[in-house]
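Observations on chain architecture
So the chains spell out like this:
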Amino acid sequence: MDEDKNKNFLLLIFSLVESKYASVAEINNLANALSELEVMPKFWLTELSACETADEAQDILREQMKRQHVVFDERYASLLLGFLYLGVQEGKISIAEFDAELVDIIDGYSNHLMLTIEDFSHDFSPLNCLPDQNTAFGCYLIDAAEKSKTAFCAAIKPLLNT
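Below: a short report on this structure. (Residues numbered from 1 in each chain as written. Predicted model: local features only at pLDDT ≥ 70, side-chain atom pairs only at ≥ 80, totals over all residues. Heavy atoms only, no water.)

Description of the packing of aromatic side chains
Taken as a whole, this structure holds five aromatic pairs when the rule is applied. Arranged with centres 5.6 Å apart and planes meeting at 70°, the rings of Phe14 and Phe72 form a pair that is edge-to-face. Of this pair, Phe14 sits in helix H1 (residues 3–18) while Phe72 sits in the loop between helix H4 (54–67) and helix H5 (74–89), and the two are 58 residues apart along the sequence. Classification of Phe14 by relative accessible area gives buried; the value is 2%. Residue Phe72 is classed as partly exposed on the basis of its relative accessible area of 33%. Between Phe72 and Tyr76, the aromatic rings sit 4.8 Å apart at their centres with planes inclined by 90°, giving edge-to-face as the arrangement. An aromatic cluster is built from Phe14, Phe72 and Tyr76, whose rings are joined through pairwise contacts. The ring centre of Tyr21 lies 4.0 Å from the NZ or CZ of Lys92, which sits over that ring. (Phe/Tyr/Trp six-rings, centres within 6.5 Å; stacked < 30°, edge-to-face > 60°. Helix = DSSP H or I, 4+ residues; strand = E, 2+ residues; numbered from the N terminus. Buried < 20%, exposed > 50% of the residue type's maximum accessible area, 1.4 Å probe, protein only. Lys NZ or Arg CZ within 6 Å of the ring centre and 35° of its normal.)

Below, the structure is given as structure tokens:
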């Protein structure tokens, strides 16, 4: 796998773990499958396949991302938002967790995103429901979720079909 694809893959896997969209067991299984294919450096995949907690998986991924000089940019923010949105839709995280993460992401990545705290406050008030798909904010989250699913499929399918 070339360097740019590897960096994008690391961002993708990190966003899966950080959003709690993928369980540790799912990350372990993915790392096992990829290490058998020898498409990436094996050592960190081996560590990832043996991790027991999400925090441990994040530490392993952060270290690898640091070594490869991966930049947390708008791609990461979009992936994270998308997986968070999918996670709350599928009941993997609560509305309260979604709300808290959303505020942090908008605050931390406002220079990369087309979202502001004002958009969040206007289009999404935590009333135990997801943002309305008729709002700009809701459309943005739906689009991020679609892009996250597409990015995951595009990254994983070629690796598992080799």
